[in-house]
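Remarks on the overall topology
These are the residues of each chain, in order.
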Amino acid sequence: MTGRPGRDDKPLYESIIDAQKLAFAPLSFHAALALRDLGILAVLAESRSEGLTAERIAQLARVPLYGVKVLLEAGVVCDLIALEGDRYYLRQLGHLVLRDKMTRINMDFAADVCYRGMAHLRETITTGTPAGLSELGPWKTIYEGLTQLPPQVQQSWLAFDHYYSDHMFPSALPLVFAHQPRRLLDVGANTGKFALACLAHDPQVHVTLLDHPGQLELARQAISAQGQGARASYHPIDFLDPSLEFPANQDAIWMSQFLDCFGETEIVSILERARRALAPQGRLYIVETYWDNQEHAAARYVLTMTSLYFACLANGNSKMYRSEDMRACVQRAGFQIERELERFSASHTMYVCRLTATL
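Presented here is a report on the structure given in the accompanying data block.

1. Re the nonpolar core
Grouped together as the largest cluster of nonpolar side chains are 53 residues, with contacts concentrated most on Ile142, Phe246, Met255, Leu271 and Tyr309. Dropping the residues within four chain positions of it, Met255 is found in contact with Val187, Phe246, Ile270, Leu271, Ala274, Leu284, Tyr285, Ile286 and Val287. Listed in part, the 29 residues of the second largest apolar core include Met168, Phe194, Leu196 and Leu199.

Structural data, given as structure tokens:
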């Protein structure tokens, strides 16, 4: 009962333990979530190095003792909690589940957005449809229904989306505005955060936001609230309809973590429409988080797991791409990559694209 020589980097008994952790992963996930949301991890964090008995934890968290014991013991075998004698202590992993922002956002996204739908993954893989989306609503893609999601689900989706994009805006803006674009098209504008950043960065730029009507209404409200409505335009669109062209004569076109929401054929169609909308000397900026271009194993893991969400819930044919796959799509659509900025901000890569001379 051994693997091929050279492919196993740990003893068999450790792989057996890993296999059981995988088998019970849904249960351990919900145990960690309950420990966090019922305040048990917070109570242990407050005890610092003294530790607490199960009885005292139950009193402080105001949770029945039986339930506290069940969760504490699950926390021990999941390495969130340590047990010494009759006292429980918070371990480093427990601190991360409680306090680390990325971990909290990822867990909320998995619990609120993905969990029920992922049970349909086999159907998704065999049919190429987002079979799990039926757990959230009757739409063909999740993007059609974002503004109709239940409040908690919508909140967790937006938190996940913004966490992996907003922090790179300060690094991106000087690059985008180095050529002083006066007309910028924000493709997949979502709630308008990047558009607002552009309007604040350059008082001369006019931004056109391109997205589904529901998202554009959220963006319109946010931009109007900041008094920037005079320099913003809104263009509703169904990106999956290849007959719908983009607003023309753009000096810059921005696509951030947008193309990974589509299959490769759709990506090429979107990029071809961007090519036709771009002014002759304009530039297209594509920002993505390629799973094969990450410094840290945690980032590769998160991105690869996110592909399962795209498959099962988003639209059934999109994923987090390898960098070479996106390069091929860009070239097929008639662009050349002028600059490739790897990890210009944390895990993001930017392609600065120009029109191919022969087109």
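Once you've had a look at it, read on.
2. A look at the pairing of strand S3 (residues 183-187)
The buried fraction of S3 is high, at four of five residues. Looking at chain direction, S3 and strand S4 (residues 206-211) are connected through five bridges and run parallel. Residue Leu184 lies in a different strand from S4, and its bridge partner there is Val207. Crossover S3 to S4 through helix H11 (residues 193-201) is right-handed. In this sheet, strand S6 (residues 250-256) lies alongside S3 in parallel orientation, the contact comprising three bridges. From the neighbouring strand, Asp186 faces S6, where its bridge partner is Trp254.

3. Considerations on the packing of aromatic side chains
By the definition in use, this model includes 13 aromatic pairs. On the basis of an interplanar angle of 90 degrees and a centroid distance of 4.9 Å, the ring pair of Tyr163 and Tyr164 is categorised as edge-to-face. Under the relative-accessibility criterion, Tyr163 is labelled partly exposed at 25%. The interplanar angle of 65 degrees and the centroid separation of 5.1 Å between the aromatic rings of Phe169 and Phe194 together place this pair among those described as edge-to-face. Of this pair, Phe169 sits in helix H10 (residues 169-176) while Phe194 is found in helix H11, placing the two residues 25 residues apart along the sequence. Neither Phe169 nor Phe194 differs from the other in exposure class; each is buried. Here the aromatic cluster, defined as three or more aromatic residues joined through ring pairs, consists of Phe109, Phe160, Tyr163, Tyr164, Tyr309 and Phe310. One Lys or Arg, Arg220, reaches over the ring of Tyr234 and ends 4.3 Å from the middle of that ring.

4. Quick notes on the packing of helix H3 (residues 40-47) against helix H6 (residues 92-99)
At their nearest, the axes of H3 and H6 sit 10 Å apart, and the two run at 120 degrees to each other. In terms of their interaxial angle, H3 and H6 are classed as oblique. Taken as a pair, H3 and H6 cross one another with a handedness that is left-handed. Across from Leu41, Ala42, Ala45 and Glu46 in H3, the residues of H6 making contact are Gly94, His95, Val97, Leu98 and Arg99. Among the residues making up the contact of H3 with H6, the classes are represented as five nonpolar, two polar and two charged.

5. Quick look at helix H5 (residues 65-77)
Here H5 spans 19 Å end to end across 13 residues, near enough to the 18 Å set by a 1.5 Å rise per residue. Residues of H5 that are buried include every one of Val68, Leu71, Leu72 and Gly75, and no others. Buried residues of H5, seen end-on, are gathered within an arc of 105 degrees and therefore sit on one face of the element. Structural note: H5 exposes Tyr66 and Val77 on the side pointing more than 90 degrees away from its buried face.

6. Quick notes on the pattern of salt bridges
By the definition in use, this model includes 14 salt bridges. Residue Arg182 is joined to Asp202 by a salt bridge in which the shortest nitrogen-to-oxygen separation is 3.1 Å. Remark: Asp202 occurs in the loop between H11 and S4 and Arg182 occurs in the loop between H10 and S3; sequence separation between them is 20 residues. Using a relative accessible area of 31% as the deciding quantity, one classes Arg182 as partly exposed. Overall, Asp202 belongs to the buried group, its relative accessible area being 10%.

7. As for unusual backbone geometry
Unlike most non-glycine residues, Asp79 shows phi in positive territory, near 70 degrees. Within the fold, Asp79 resides in the loop between H5 and strand S1 (81-84). Here Asn249, not a glycine, exhibits a phi torsion of approximately 65 degrees, which is positive. Relative to the helices and strands, Asn249 resides in the loop between strand S5 (232-236) and S6. Judged by its relative accessible area of 43%, Asn249 falls in the partly exposed class.

Definitions and limits used
- Residues numbered from 1 in each chain as written.
- Predicted model: local features only at pLDDT ≥ 70, side-chain atom pairs only at ≥ 80, totals over all residues.
- Heavy atoms only, no water.
- Core = buried A, V, L, I, M, F, W, Y, C linked by side-chain atoms within 4.5 Å.
- Buried < 20%, exposed > 50% of the residue type's maximum accessible area, 1.4 Å probe, protein only.
- Contact = heavy atoms within 4.5 Å.
- Helix = DSSP H or I, 4+ residues; strand = E, 2+ residues; numbered from the N terminus.
- Pairing = 2+ DSSP bridges.
- Right-handed = clockwise from strand over helix to strand, strands pointing away.
- Phe/Tyr/Trp six-rings, centres within 6.5 Å; stacked < 30°, edge-to-face > 60°.
- Lys NZ or Arg CZ within 6 Å of the ring centre and 35° of its normal.
- Axes fitted to C-alpha atoms, helices over the stretch in contact; angles between N-to-C directions.
- Parallel < 35°, antiparallel > 145°, perpendicular 65-115°, else oblique.
- Left-handed = near helix turned anticlockwise from the far one by under 90°.
- Nonpolar A, V, L, I, M, F, W, Y, C, P; charged D, E, K, R; others polar.
- Expected span 1.5 Å × (residues − 1).
- Arc of directions from axis to C-beta.
- Salt bridge = Lys/Arg side-chain N within 4 Å of Asp/Glu carboxyl O.

From the geometry alone we can't say anything about function, so treat these as descriptive.
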